[in-house]
Amino acid sequence: MMKPVVIVPEDQPLTLANLSPSPSQRRLALAVALSFLGVLLVSAGTLSNIQLGRIDAFVPAYGTAIFVNDLITAVLLFNQFAILRSRSLLAISTGYLVTALMVIPWMLTFPGLLTPDGLLGAGLQSTHWLYVLQYASFPTFVIAYVLLKDTDPPKQSWDGSVGTTIVSSVLMSAAVVCSVTVVVTAGDAYLPRVSIDPVRFSTLWLYLAGCLILWNAVALILLWIRQSSVLDLWLMVVVCACAIEIYLVSFPDPARFSGSWYAGRIFGFVSSILVLFVLLHEITTLYAQLLHAVLAQRRERDARLVTGDAVSASIAHEVKQPLTAIIASANAGLNWLDRVEPDLDGVRKAFGRVVAAGHRADAVIENIRAQYRMGARTRASLDIDDVIQEALSVVRDKLQAYQIAVQARSDERLPRVMGERIQLQQVLVNLITNAIDAMAAKNGERRLSIKSEARQSRYVMVSVEDTGKGLDRDAVDRIFNPMFTTKTHGMGMGLSICRSIIEAHEGRLWVTVDTSRGGAIFHFTVPVDPDGSASSIAASAASA
Ligand code: ADP
């Protein structure tokens, strides 16, 4: 039968009490329950006839361990209650607290443990009856948990203060346990006899043990029918363990300190610690998962902010150049018109340049968007020398304005490359513009050399060399960092954008400094097109 999946509302915290168990958690719980059953079969058959005799240290060790385990489980569950404010969780955490507290009078009344007749001076029957009540209370609380869990959602949550509720629950549990202890020990003489002597159980005990097993079975069935969370799953395992423990303690050999009695007690301890470990493990795993999710969310948010900053800075940086070209060309056109005899041919050319720069700005913006959008890149087989010529034509006016001589050289049979034309053009325009700026800031020879050559038959390397002011050691280390600039109106984004474009092309961008002449040389590589034939463009030289 398919179990209903709990849908946790977005605003509800993830806890063991409202998370659906995964298939692996179900398998683990089943494996644990089956191993319990295996232990039952083995120990019931083999240990029934073994008489180990009384081991004095056993009862206090067992009692303390059960007390600590149940108390820690109660604290964990109260914590879940504090988060979810669910009545059912309050019931089960109180249940664990009561079973933990009941261990105290059980140990105190155990004959021969602290005094020969038990510390509270109770008779023979009290310890047994306290055990019965302890083992009857746990499935009762589990049943309350299941029934409260299934009530209508508005009735489920607790309206009162969590702290006060937990304190009241602790006080009430302690009061109930104290009252039960007083009544049972004081009325020992009137209690039905469940043991014949200090060691052997009576037939009534067996009936009571049978009832306890059945009561646990009822809790198990209810949990099975209405299970929906990780907590439900492990409570089913606990209830099974309780039933098995009662069976081992009572039926194979109905006497204290028999082999099966010890086996039952050890089994009870192992199962309680196992379940506690599992609960702790589940809580820690859940915490780790939540932590990962939170950190991933934070990283994603930071990345989005960085990307947002980078996109806006990139657009501002890259669109500046075509905008300047548009303004310059439009001004030139106006000048042609302002003449006594307007030069319409000049105007037409100026408008042509305006249109071309406008298209370029459009393409650049589209490319910046594509750069930050996964999978939106369109690579094609390119002749890198064509891209170099296109880039040079974009900055032609500036090169002319600063009277810069341009020298472009290329390998005779240069392989084609795989790349995004506009992006590679952007890289070259950025490198050339920087070179122009560096040369404009210095008197002397102004020469821009662009070289393209094949590298290890897998790459084409392009070098952009200038005779500008060059770079000092410190600047070489930082120029590729976003926002690093030495220019008054610079944004420091150009080289960082260039590097990310080239790296996205699986290439490399770096700088070397020409110490003899003082200029800078920027190099970048782009992978060759494996199917492309060699470019036919031969070495060319141009002068602006
Ligand atoms: P921006 O051009 O806005 O300053 P870039 O990232 O393109 O941003 O360049 C960063 C810095 O690198 C420049 O400010 C400049 O100091 C230095 N730089 C870049 N190219 C050269 C070059 N060819 N020669 C000397 N310095 C350069």
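Note that the coordinates shown come from a computational prediction; the quantities given were computed from them, not determined experimentally.

J.: What am I meant to see in the overall build of the chain here?
T.: Within the chain one finds 15 helices and seven strands. Counting over 544 residues, the chain shows a buried share of 45%. Of the contacts formed within the chain by residues at least 6 apart in sequence, a portion of 77% connects residues at least 24 apart. Put simply, the chain shows about 27100 Å² of open surface, and 63% of that area lies on carbon and sulfur atoms.

J.: I'm lost on the pattern of salt bridges in this one. Help?
T.: Oppositely charged side chains are able to pair whenever their charged atoms sit close together. Counting across every chain of the model gives 12 salt bridges. Note that aspartate 232 and lysine 149 form a salt bridge whose closest N and O atoms lie 2.5 Å from each other. In this pair, aspartate 232 sits in helix α8 (residues 230-250) while lysine 149 sits in helix α4 (residues 126-149), placing the two residues 83 residues apart along the sequence. For aspartate 232, a relative accessible area of 0% translates into the label buried. Judged by its relative accessible area of 13%, lysine 149 falls in the buried class. In this structure, lysine 451 and glutamate 453 form a salt bridge, with 3.8 Å as the shortest nitrogen-oxygen distance. Each member of the salt-bridge network shares a partner with another, and the members are Arg353, Arg396 and Asp397.

J.: Looking at this structure, how should I read the packing of helix α3 (residues 87-109) against helix α6 (residues 162-186)?
T.: The axes of two packed helices give the description: the angle between them and the distance between them. Between α3 and α6, the least distance of the axes is 9 Å, while the angle of their chain directions is 35°. Viewed along their axes, α3 and α6 form a crossing whose handedness is right-handed. Between α3 and α6, the residues in contact are Leu90, Thr94, Leu97, Val98, Leu101, Met102, Pro105 and Thr109 and Thr165, Ser169, Val170, Ser173, Ala174, Val177, Val180, Thr181 and Thr185, respectively. For the contact of α3 with α6, the per-class residue count stands at 10 nonpolar, seven polar and no charged.

J.: It is not clear to me how the environment of serine 463 should be interpreted in this structure. Could you clarify?
T.: Checked against the element boundaries, serine 463 lands in strand β5 (residues 459-465). Taking the C-alpha atoms as reference points, serine 463 and leucine 509, 46 residues apart in sequence, are found 9.7 Å from one another. Not counting chain neighbours up to four residues away, the residues in contact with serine 463 comprise Ser449, Ile450, Lys451, Glu453, Ile521, Phe522 and His523.

J.: Teacher, can you tell me more about unusual backbone geometry here?
T.: Trans peptide bonds make up most of the peptide bonds, and negative phi angles are found at most residues other than glycine. A positive phi angle, close to 55°, is found at arginine 85, a residue other than glycine. On the basis of relative accessibility, which here comes to 30%, the residue arginine 85 falls in the partly exposed class. In this structure, glutamine 403 is a non-glycine residue whose phi angle is positive, near 50°. With respect to the secondary-structure elements, glutamine 403 resides in the loop between α12 (396-401) and β2 (405-410).

J.: I keep staring at a nonpolar patch on the surface and nothing clicks. Help me out?
T.: Residues Leu30, Leu34 and Leu37 make up a contiguous nonpolar surface patch of about 290 Å² in total accessible area. Counting through the fold element by element, leucine 37 comes out in helix α1 (residues 23-47).

J.: Help me out: how do you make sense of the sheet that holds β2 in this one?
T.: Spatially, β2-β4-β5-β7-β6 is the arrangement adopted by the five strands of the open sheet, whose pairing is mixed. Only two strands of the sheet have a single partner each, and these edge strands are β2 and β6 (509-513). Averaged over neighbouring strand pairs, the angle between their axes works out to 15° when direction is ignored. Where strand β4 (residues 447-455) lies against β5, seven bridges are found, and the strand directions are antiparallel.

J.: Which parts of the structure should I look at to understand the packing of aromatic side chains?
T.: The relation between two aromatic rings is expressed through the spacing of the ring centres and the mutual angle of the planes. Counted by the stated rule, this structure contains 16 aromatic pairs. Aromatic pair tyrosine 131 and tryptophan 205: ring centres 5.6 Å apart, planes at 35°, arrangement tilted. Of the two residues, tyrosine 131 sits in helix α4 while tryptophan 205 sits in helix α7 (residues 203-226), which places them 74 residues apart along the sequence. In this pair, the class of tyrosine 131 matches that of tryptophan 205, namely buried. Both rings, one in tryptophan 261 and one in tyrosine 262, keep their centres 5.3 Å apart while their planes meet at 80°; by these two values the pair is edge-to-face. Judged on exposure class, the residue tryptophan 261 and its partner tyrosine 262 are both buried. Seen from the ring of phenylalanine 480, arginine 499 lies directly overhead, with NZ or CZ sitting 3.8 Å from the centre. The ring of tryptophan 510 carries the charged tip of arginine 508 above its face, separated from the ring centre by 4.3 Å.

J.: Please explain the site of the ligand as it appears in this structure.
T.: Taken together, 20 residues lie around the ligand, and Thr485, Thr486, Lys487, Met491 and Leu495 are the ones closest in. Contact between the ligand and glycine 494: an oxygen atom at 3.4 Å from a main-chain N or O atom of the residue. Elements represented by at least two residues in the shell around the ligand include exactly α13 (421-440), α15 (494-504) and β7 (520-527). The element best represented in the shell around the ligand is α13, accounting for three residues. Each residue belonging to the shell around the ligand can be placed in one class, and the counts come to 10 nonpolar, eight polar and two charged.

Cut-offs applied
Residue numbers restart at each chain and count upward from 1, following the sequence in its written direction. Side-chain atom pairs in this predicted model are given and counted only at pLDDT of 80 or more, local residue features only at pLDDT of at least 70, and totals for whole chains, interfaces and linings cover all residues. Values shown for side chains rest on all heavy atoms present in the structure; no hydrogens or waters enter the calculation. Here a helix means four or more residues in a row that DSSP labels H or I, a strand means two or more in a row labelled E, and each is numbered from the N terminus. Each residue is placed in one exposure class: buried if its accessible area under a 1.4 Å probe, protein chains only, is under 20% of its type's maximum, exposed if it is over 50%, and partly exposed if it falls in between. Contact criterion: two residues are considered in contact whenever any of their non-hydrogen atoms come within 4.5 Å of each other. A 1.4 Å probe and the Shrake-Rupley method give the accessible areas. Residues count as covered only by the protein chains that appear here. The salt bridge definition used is simple: a Lys or Arg side-chain nitrogen within 4 Å of an Asp or Glu carboxyl oxygen. Only C-alpha atoms enter the line fits that serve as axes; for helices the fit covers just the stretch in contact. Angles between N-to-C directions range over 0 to 180 degrees. Each crossing is labelled by how the near helix is turned from the far one, with a counterclockwise turn of less than a right angle marking it left-handed and a clockwise turn marking it right-handed. Throughout, the ten residues Ala, Val, Leu, Ile, Met, Phe, Trp, Tyr, Cys and Pro are labelled nonpolar, Asp, Glu, Lys and Arg are labelled charged, and all others, Gly among them, are labelled polar. Patches here are clusters of residues that have more than 30% relative accessible area and form no salt bridge, with a 9 Å joining cutoff for like charges and a 5 Å cutoff for nonpolar side chains (Val, Leu, Ile, Met, Phe, Trp, Tyr). Only strands joined by at least two bridges in the DSSP assignment are considered to pair. Any pair of Phe, Tyr and Trp rings, taking the six-membered ring for Trp, is counted once the centres come within 6.5 Å. Such a pair is stacked with planes under 30 degrees apart, edge-to-face with planes over 60 apart, and tilted for the rest. For a ring to carry a charge above it, either NZ of a lysine or CZ of an arginine must fall within 6 Å of the ring centroid while also lying within 35 degrees of the normal to the ring plane. Proximity is defined per residue: if any heavy atom of the residue lies within 4 Å of a molecule or strand, that residue is considered near it. In protein, a polar contact means a hydrogen-donor-capable atom and an acceptor-capable atom, both N or O and within 3.5 Å, with residues adjacent in sequence counting only if both atoms are side-chain atoms; elsewhere, any N or O pair within 3.5 Å suffices.

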